[in-house]
Amino acid sequence: MIERVTFDGPVILGAGLAGLSAALAAKTALVLSPTPLATGCSSAWAQGGMAAALAGDDSPALHAADTIAAGAGLCDPEAVELLTEQGPQAVRDLAAQGAPFDRKSGDDFVLSLEAAHSRARVARVGGDGAGAAIMAAVIATVRATPAIEIRENARARRLLQDVTGRVVGVLAEIDGALVEIRAKAVILATGGVGGLYAVTTTPAEVRGEGLGLAALAGATIADPEFVQFHPTAIDIGRDPAPLATEALRGEGSILRNRDRRAFMADYHPAKELAPRDVVARAIHAERAAGRGAFLDATEAVGAHFPHEFPAVFEACQSAGIDPRREMIPVTPAVHYHMGGVATDLDGRASLPGLYAAGECASTGVQGANRLASNSLLEAAVFGTRAGRAAAAEGVEGGQPLSLEPLPDLPDAALQILRKAMSRDAGVVRDAAGLARLLGQIEALEPAYGPCPTVVAARLIVEAALARRESRGGHFRADFPATAEPARTFVTWESADAAVRYAAE
Ligand code: SIN
């Protein structure tokens, strides 16, 4: 017997910055978090900070132009304009909640330069601790808001839909028990897809579940092939891999190979500050050629490392590396998913009653390649908008058609999938590798069928196979040229596998 509750306000899946911003905007909300708050979400791990036109020599228009240039032809200009216009206020709102952004004398923000930004515009906290500090402030606000209910150790096992397809709630597993939660709106804020890959900078729990749940419900998914690889994860055999923030390169740190040769000039005139995808491919190429890749911060940061970049320093020290004197071994790692559940500017997905915000959404802001430190900003701005819109949903919806939990992928199978995804849907892709990977995913389907994780992987791989060009985060060795810009919009029904589950 499944317990049933009806909630008067949106149910939000995920408790990163997007989910909690949505909850605060909705005022009354139920937030389901698979892990204790501030753990298991990428927001809390963000190092660089939040990009916004806060400096006197900057403007939202310049920030928008950089965002669109990085997005390699696929950004939605209207979404970008909204994001960049609201950027400064979003930072100030978080500061007002207690996020302790680094300040100069007076009230001005300390702003870091990161790759592909034409201005120093990343508001930071304690050097490399922005995500944790922002999340601590927002969590304190949420905890002080009685109408926001938080359930930890709670995850979605299916979106509930009535006969019209409207999303009418969620089947959740809370402390091991299934609960049918009925609500007028569900907001997906489940994060990205890093945990689908063997090498990632994101928490292991983040593995495309929102994407898979939405796709299985019939929602339109946009641009799933666009996965961003952060160039400089620290290569010390840890899973997930710790990040060496891009701000280190903004400070002048140099990428070198094992012979200490600075190699970025071979790849792009902007060298270390080239767009993220370019730097990731350069590091991939150096490593593939056996030359290795290292970040040398000994000159640029040197003795200031422990207090300027404490999180990176601590990660290096844990592996016996002293970045004040030694080069840091680096590798590209999955860091962000530009694709996601297609939404409008208020977070509305294509199914009535369903919303998405943050990394699991595709608002059109991130294009084919996200500009550094635009992710926390998107989470705050579009999370707030989704929360407001979802709170205004007035339709009750009918009875859910199915209360059957979707299958899970056991850990052993997940680990095999992660390795295969890193090998064949990684920084450099080609038809042979993607087809082999699709075969491996198909082999999982008879046993695990419509498992959201497998569905998310399949969407990425099918779209990567279909996109016969290279652009932003998607590079095809067999199609290195860039074609006319066109976004991908797919539904699960339009994917080959749909027929397999039609009888379900
Ligand atoms: C970084 O600090 O390099 C990551 C920031 C981001 O992902 O935008």
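Calculation notes
Residues numbered from 1 in each chain as written. Predicted model: local features only at pLDDT ≥ 70, side-chain atom pairs only at ≥ 80, totals over all residues. Heavy atoms only, no water. Near = heavy atom within 4 Å. Polar contact = N/O pair within 3.5 Å; in protein donor to acceptor, adjacent residues only side chain to side chain. Areas by Shrake-Rupley, 256 points an atom, 1.4 Å probe, with all protein chains shown as cover. Salt bridge = Lys/Arg side-chain N within 4 Å of Asp/Glu carboxyl O. Pairing = 2+ DSSP bridges. Helix = DSSP H or I, 4+ residues; strand = E, 2+ residues; numbered from the N terminus. Axes fitted to C-alpha atoms, helices over the stretch in contact; angles between N-to-C directions. Parallel < 35°, antiparallel > 145°, perpendicular 65-115°, else oblique. Left-handed = near helix turned anticlockwise from the far one by under 90°. Contact = heavy atoms within 4.5 Å. Nonpolar A, V, L, I, M, F, W, Y, C, P; charged D, E, K, R; others polar. Core = buried A, V, L, I, M, F, W, Y, C linked by side-chain atoms within 4.5 Å. Buried < 20%, exposed > 50% of the residue type's maximum accessible area, 1.4 Å probe, protein only. Expected span 1.5 Å × (residues − 1). Bend = angle between axes of the 7 residues up to and from the residue. pLDDT = per-residue confidence, 0-100. Phe/Tyr/Trp six-rings, centres within 6.5 Å; stacked < 30°, edge-to-face > 60°. Lys NZ or Arg CZ within 6 Å of the ring centre and 35° of its normal.

## What about the site of the ligand?
Lining the immediate environment of the ligand, one finds Gln47, Gly48, His230, Leu243, Thr245, Glu246, Arg276, His335, Arg370, Ala372 and Ser373. Between the ligand and Thr245, the relevant distance is 2.6 Å, taken from an oxygen atom to a side-chain nitrogen or oxygen of the residue. Here an oxygen atom of the ligand and a backbone polar atom of Glu246 are 2.7 Å apart. Surface burial for the ligand is 96%, taken as the share of its 260 Å² of free accessible area covered by protein chains.

## Re the pattern of salt bridges
Using the criterion set out here, one finds 39 salt bridges in the structure. Linking Glu152 and Arg143 is a salt bridge whose minimum nitrogen-to-oxygen distance equals 3.5 Å. In this structure, a network of salt bridges that share partners links the residues Arg155, Arg157, Glu173, Glu209 and Asp408.

## Digging into the sheet that holds strand β10 (residues 177-182)
One open sheet holds the four strands; their spatial order is β1-β10-β9-β8, and the pairing between them is mixed. Sheet topology places β1 (3-6) and β8 (154-161) at the edges, where each strand pairs with a single neighbour. Strand-to-strand, the axes of this sheet are offset by a mean angle of 25 degrees, without reference to chain direction. Judged from the four bridges that link them, β1 and β10 form a sheet pairing that is parallel. Bridge assignment links Thr6 to a residue of β10, and that residue is Arg182.

## Things to note about the packing of helix α2 (residues 60-70) against helix α3 (residues 77-96)
Where α2 meets α3, the axes come as close as 9 Å, and the angle between the chain directions of the two elements is 135 degrees. The pairing of α2 with α3 is recorded here as oblique in orientation. At the point where α2 passes α3, the crossing takes the right-handed sense. For the pair formed by α2 and α3, the contact residues are Pro60, His63, Ala64, Thr67 and Ile68 on the first element and Pro77, Val80, Thr84 and Glu85 on the second. Residue classes in the contact of α2 with α3 are distributed as five nonpolar, three polar and one charged.

## Description of the nonpolar core
Ranked by size, the top nonpolar core spans 62 residues in total, and within it Leu13, Leu32, Ile181, Leu354 and Met421 carry the most contacts. Tallying contributions element by element places helix α13 (residues 452-466) first for this core, with eight residues. Those residues in contact with Leu354 that sit more than four places away from it in its chain are Leu159, Val167, Val186, Leu188, Ala214, Ala219, Gly347, Arg348 and Ala349. Counting residues in hydrophobic clusters, the runner-up holds 56 residues, among them Ala18, Phe109, Leu345 and Leu376.

## Regarding the pairing of strand β16 (residues 328-337)
Within β16, ten of the ten residues are buried, which leaves the element mostly enclosed by the surrounding structure. As judged from the six bridges shared by strand β13 (residues 227-234) and β16, these two strands associate in the antiparallel manner. Bridge pairing in β16 links Ile234 to Val330.

## Digging into α3
Every α-helix winds through 3.6 residues per turn, so residues three or four apart in the chain are directed the same way. With 20 residues, α3 should reach 28 Å at 1.5 Å per residue; the first-to-last C-alpha distance of 29 Å fits that figure. By the largest-angle criterion, Gly87 marks the main kink of α3, which is about 45 degrees, and a proline, Pro88, follows within four residues. Those residues of α3 that fall on the buried side of the exposure criterion are Ala79, Val80, Leu82, Leu83, Thr84, Gly87, Pro88, Ala90, Val91, Leu94 and Ala95. Summarising the contacts, the buried residues of α3 are in contact with α1 (17-26), β4 (50-51), α2, β6 (122-123), α4 (130-143) and α10 (375-391). You can read the cap of α3 off the contacts: a side-chain oxygen lies 2.9 Å from the backbone nitrogen of Glu78, and it is on Asp76.

## Some remarks on the confidence of the model for the protein
Averaged over every residue, the pLDDT of the protein is 95; the share at 70 or more is 98%. Across residues 497-504, confidence stays below pLDDT 50; counting only partners more than four residues off in sequence or on other chains, it has 14 contacts.

## As for the side chain of Gln47
By secondary structure assignment, the location of Gln47 is in the loop between β3 (29-33) and β4. With a relative accessible area of 9%, Gln47 lands in the buried category. In this structure the side chain of Gln47 is engaged in a polar contact, spanning 3.0 Å, whose partner is the backbone oxygen of Leu243. At 3.0 Å, the side chain of Gln47 and the backbone nitrogen of Thr245 are in polar contact.

## Here's the deal with the sheet that holds strand β5 (residues 111-112)
Sheet strands line up and pair through hydrogen bonds in the backbone, either parallel or antiparallel. In spatial order, the strands read β4-β6-β5; together these three strands make up an open sheet with antiparallel pairing. The open sheet has two edge strands, β4 and β5, and neither has a second partner. Inspection of the sheet shows β4 paired to β6 by two bridges, in the antiparallel sense. Opposite Met50, over in β6, you have Ala123 as the bridge partner.

## What about the packing of aromatic side chains?
Summed over the entire model, instances satisfying the criterion amount to five aromatic pairs. Considering the side-chain rings of Phe101 and Phe109, the 5.8 Å spacing of their centres and the 75 degrees angle between planes classify their relative orientation as edge-to-face. The residues Phe101 and Phe109 share a single accessibility class, namely buried. Grouping aromatic residues by their ring pairs yields a cluster made of Phe305, Phe309 and Phe313. Stacked on the ring of Phe109, the Lys or Arg Arg103 has its end atom at 4.1 Å from the ring centre. Geometry around Tyr336 places Arg370 over its ring, the cationic atom sitting 4.2 Å from the centre.

## A closer look at the environment of Thr145
Within the element layout of this structure, Thr145 appears in the loop between α4 and β7 (148-152). Residues in contact with Thr145, not counting those within four places in the same chain, are Leu24 and Lys27.

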